Amino acid sequence: MGRKLLTEHINVEGINTFEVYRKHGGYRSVEKALKTMTPDEVVEEVKKSGLRGRGGAGFPTGMKWSFLAKPEGVPRYLVCNADESEPGTFKDRQLMSKLPHLLIEGMITGSYALGARTSYIYIRGELLYVLRILEKAIAEAYAAGFLGENILGSGYSLDLHVHPGAGAYICGEETALLESLEGKRGNPRNKPPFPAVQGLYARPTVVNNVETIAAVVPIINEGGDEYAKLGVGKSTGTKLISACGHLNKPGIYEIELGVPVEEFIYSDEYCGGIWKGRDLKAVVAGGSSVPILPKELILKTAAGENRLMTYESLSDGGFVTGTMLGSGGFIAMDETTCIVKNTWNFSRFYHHESCGQCSPCREGTGWMEKVLHRLEHGHGSMHDIDLLVSVAKQIEGNTICPLGEAAAWPVAAAVRHFRHEFEWHVTNPKEATAPGAAYRGAAVLA
């Protein structure tokens, strides 16, 4: 299964407590950073590692840290984005509930590197049980001298707070998160200025995902060069994958980037194949916001090469024949899946979660949901299929934040790769609306 950097001790009894976590090497990165490294040296190690943001965008973390403005006498902040709300993604809550001290350790080391004296973990509002786990772990870290004033006698001080959101998906967008953290409505901000210049309370701020911050711990412990030896090309290290859908062994897997998609789906080491002996129909590889791919394009690129679990391989072919690794929300669909119904379900979500600030997103997500509802329920027309593509194009690139693209890309990709299925819903409304019906070529599964 490859090396595990984050989840090696996840099943150790009591690992969520400071005492047990410490016995298994916990907080070594804090000791190493504070006692033997300067903040700039920590940033440099993260750069060397090639670590890319694990929340979806995949932007190089060390480069993002280096962009942070450092005006004299002005506070800076590190904010952890724990607002995990992407459909199909459930890795971060597992890390926080099972290994809370790993995240806290990463927050301390990262805050030191950035010169932050106050940092925040912004957690999804529905995860109150995880919030309580984190608050308990933070209290333990304070009691042990790893948080608070003059940590380990280094002269560096840090206060860490957990703040729950109110269940809004839009607050996963970093500037909407900052607005919410300030006590305002969670609407995304216009950029520039970027958070690295004017973020929380208009001060320089870095926002990173839970998994990204946790990965800082093994990077500092072992060195950026060692971390970079794992993976393939610019996709270095390991990645947590939330595997769900029609799989024999759904769950959270820590993989070394570069594992072939086919191996990940069918190997007994990972997902164990498609359940009930059925055939794979399609995969959403990185959470609901990335383009869906049919079986033939998720297992192989358009050029016939093996598709790998890396940022580069999954995006090979662009959005015509490729997709994105995204947040690692891997949703497998078997031959009984109705793509039209699945796309409608995604669109319902994005329509509901749009903040309404931008007209293309506010109106466009509603139109896509209505049109998909018509198609799914036997009232659609061929014109509706083209209308979906048109609306998606008018949303994409015309909104303040990426939620517009997140809503448009799944619809455009579904029509691109499964247009025949959408047309079948128009020409065969009775069969399409039968309970449990799904299209598969000339056959109808019911």
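Each chain carries its own residue numbering, running from 1 in the direction its sequence is written. In view of the model being predicted, local features appear only for residues whose pLDDT reaches at least 70, and side-chain atom pairs are presented and counted only at 80 or more, with totals across whole chains, interfaces and linings using the full set of residues. As a rule here, side-chain values come from all non-hydrogen atoms in the structure, and water together with hydrogens is ignored.

The chain is annotated in an unreviewed UniProt entry as NADH-quinone oxidoreductase subunit F of Hymenobacter cyanobacteriorum. UniProt positions are given in the numbering used here, feature names are shortened, and annotations may be inferred rather than shown by experiment. One UniProt comment on the chain, placed under Function (unreviewed entry), says "NDH-1 shuttles electrons from NADH, via FMN and iron-sulfur (Fe-S) centers, to quinones in the respiratory chain." Its UniProt record, at the heading Catalytic activity (unreviewed entry), says of the chain: "a quinone + NADH + 5 H(+)(in) = a quinol + NAD(+) + 4 H(+)(out)".

Undergrad: I tried to follow the layout of surface pockets on my own but got confused; where do I start?
TA: Size it by volume and the largest pocket reaches roughly 1200 Å³. Around the largest pocket, the lining is made up of 45 residues, and of these Gly55, Gly56, Ala57, Gly172 and Glu173 lie nearest the centre. Secondary structure follows DSSP: runs of H or I at least 4 residues long count as helices, runs of E at least 2 residues long count as strands, and numbering of each begins at the N terminus. Of all the secondary-structure elements, those providing two or more residues to the lining of the largest pocket are β1 (77-82), α5 (91-98), β4 (205-209) and α18 (403-427). For the lining of the largest pocket, the element with the highest residue contribution is β4, accounting for 5 residues. Each residue gets one of three labels, nonpolar for Ala, Val, Leu, Ile, Met, Phe, Trp, Tyr, Cys and Pro, charged for Asp, Glu, Lys and Arg, and polar for the others, Gly among them. Class assignment for the residues of the lining of the largest pocket results in 18 nonpolar, 16 polar and 11 charged. Estimated volume of the second largest pocket: approximately 330 Å³. Residue lining of the second largest pocket: 19 residues in total, with Leu5, Glu8, His9, His24 and Asn221 positioned closest to the centre. Elements with a minimum of two residues in the lining of the second largest pocket: α6 (100-114) and α9 (210-222). In the lining of the second largest pocket, the residues fall into 8 nonpolar, 5 polar and 6 charged. A pocket, in this scheme, is an open set of points on a 1 Å grid over the protein atoms alone with protein on both sides within 12 Å along at least 5 of 7 lines, while a cavity is a set where a 1.4 Å probe fits but cannot get out; residues line either one if an atom lies within 4 Å of a point. Grid points are joined across faces, edges and corners, and a volume is the space filled by probe spheres set on the points.

Undergrad: Help me out: how do you make sense of the domain arrangement of the chain in this one?
TA: Where the parts come together, the accessible area they lose is often given as the size of the interface. Where each domain begins and ends follows an automated or database-derived domain assignment. Taken as a whole, the chain is organised into domain 1 (18-229), domain 2 (239-334) and domain 3 (339-432). Contacts are assigned to residue pairs that have any heavy atoms within 4.5 Å of one another. Residue-level contacts link 17 residues of domain 2 with 13 residues of domain 3. In short, buried area is how much 1.4 Å probe accessible area vanishes from two parts on joining, totalled over both. Among the residues of domain 2 in contact with domain 3, Ser288, Ile292 and Phe319 are the three that bury the most area, contributing 41% of the side total. Within this document, salt bridges are pairs made up of a side-chain nitrogen of Lys or Arg and a carboxyl oxygen of Asp or Glu, the two lying within 4 Å of each other. Where domain 2 touches domain 3, the interface holds 1 salt bridge. Measuring nitrogen to oxygen at the nearest pair gives 3.0 Å for the salt bridge that ties Lys281 to Glu421. Identification of polar contacts relies on pairs of N or O atoms within 3.5 Å, with a donor-acceptor requirement for protein atoms, meaning one able to donate a hydrogen and the other able to accept it, and with residues adjacent in sequence counted only if both atoms are side-chain atoms. At the junction of domain 2 with domain 3, the criterion picks out 4 residue pairs in polar contact (both at pLDDT 80 or more). When contributions to the side of domain 2 that touches domain 3 are tallied by element, the ones reaching two or more residues are β9 (280-284), β10 (293-294), α14 (318-321) and β11 (329-334). Partitioned by chemical class, the residues of the side of domain 2 that touches domain 3 number 13 nonpolar, 3 polar and 1 charged.

Undergrad: What is the right way to look at the packing of aromatic side chains in this model?
TA: Each aromatic ring pair is specified by the distance between its two centres and by the angle formed by the two planes. Within 6.5 Å between ring centres, the rings of Phe, Tyr and Trp (the latter by its six-membered ring) count as paired, and their orientation is classed by plane angle as stacked under 30 degrees, edge-to-face over 60, tilted in between. Evaluation of the coordinates by the stated rule reveals 16 aromatic pairs. With 5.5 Å between their ring centres and 90° between their planes, Tyr21 and Tyr27 make a pair best called edge-to-face. Grouping residues by exposure puts Tyr21 and Tyr27 together as buried. Between Tyr253 and Phe264 the ring centres are 5.7 Å apart and the planes differ by 85°, which places this aromatic pair in the edge-to-face class. A residue pair is termed long-range when its members are at least 10 positions apart, and Tyr253 in strand β8 (residues 251-256) and Phe264 in helix α11 (residues 261-266) qualify at 11 residues. What makes Phe264 buried here is its relative accessible area of 0%. Pairwise contacts between aromatic rings join Phe18, Tyr21, Tyr27 and Phe146 into one cluster. Distance and angle both matter: a charge sits over a ring if NZ of Lys or CZ of Arg is within 6 Å of the ring centre and within 35 degrees of the ring normal. The aromatic ring of Tyr311 is capped on one face by Arg52, whose charged end is 4.2 Å from the ring centroid. Relative accessibility thresholds used throughout: buried, under 20% of the residue-type maximum; exposed, over 50%; partly exposed, between the two (1.4 Å probe, protein chains only).

Undergrad: How should I be thinking about empty space enclosed by the protein in this particular structure?
TA: Taking a probe equal in size to a water molecule and rolling it over the atoms shows the remaining empty space. Taken as a whole and assessed by the stated rule, the structure comprises 2 cavities of 30 Å³ or more. Within this model, the largest cavity holds a volume of roughly 80 Å³. What lines the largest cavity is a set of 13 residues, among which Cys355, Cys358, Cys361, Cys401 and Leu403 lie closest to the centre. A per-class count over the lining of the largest cavity returns 8 nonpolar, 5 polar and no charged. Considering only enclosed or pocket space, the second largest cavity measures out at about 40 Å³ in volume.

Undergrad: What exactly am I supposed to notice about unusual backbone geometry here?
TA: Apart from glycine, the bulk of residues carry a negative phi angle, and the bulk of peptide bonds sit in the trans form. A cis amide bond, omega 0°, links Lys191 with the succeeding residue Pro192. By secondary structure assignment, the location of Pro192 is in the loop between α8 (174-181) and β4. At the junction of Pro192 and Pro193, the peptide bond is cis and its omega measures out at 0° in the coordinates. Mapped onto the elements of the fold, Pro193 is located in the loop between α8 and β4. For Asn150, which is not glycine, the phi dihedral falls at a positive 50°.

Undergrad: Can you help me understand the pairing of β1 in this one?
TA: Two faces belong to every sheet, and in a regular strand the side chains alternate between them. Across the 6 residues of β1, 6 count as buried, placing the element largely inside the fold. The alternating pattern of β1 places Tyr77, Val79 and Asn81 and Leu78, Cys80 and Ala82 on opposite faces, both of which are buried. Sheet analysis places β1 next to β4, joined by 5 bridges and oriented parallel. Looking at the pairing, Asn81 lines up with Asn209 of β4. Pairing between strands is defined by DSSP: at least two bridges between the two strands are required.

Undergrad: Would you mind showing me how to read the side chain of Arg76 here?
TA: Within the element layout of this structure, Arg76 appears in the loop between α4 (61-66) and β1. Lacking a salt bridge, the buried Arg76 has Glu72 as its closest oppositely charged neighbour, with an N-O distance of 6.2 Å. Sequence-distant contacts of Arg76, defined by excluding residues within four places in its chain, comprise Leu68, Ala69, Lys70, Leu114, Gly115, Ala116, Arg117, Thr118 and Pro204. Charge assignment in this entry is limited to Lys and Arg as positive and Asp and Glu as negative, and neither His nor the chain termini are counted.

Undergrad: Help me understand the sheet that holds β10, please; the structure alone is not making it clear to me.
TA: Strand pairing within a sheet occurs via backbone hydrogen bonds; the two strands may be parallel or antiparallel. As summarised here, the arrangement of the 5 strands in space is β8-β7-β11-β9-β10, forming an open sheet in which the pairing is mixed. Only two strands of the sheet have a single partner each, and these edge strands are β8 and β10. Examined bridge by bridge, strand β7 (residues 238-245) and β8 share 6 bridges and lie antiparallel to one another. Bridge pairing in β8 links Ile241 to Tyr253.

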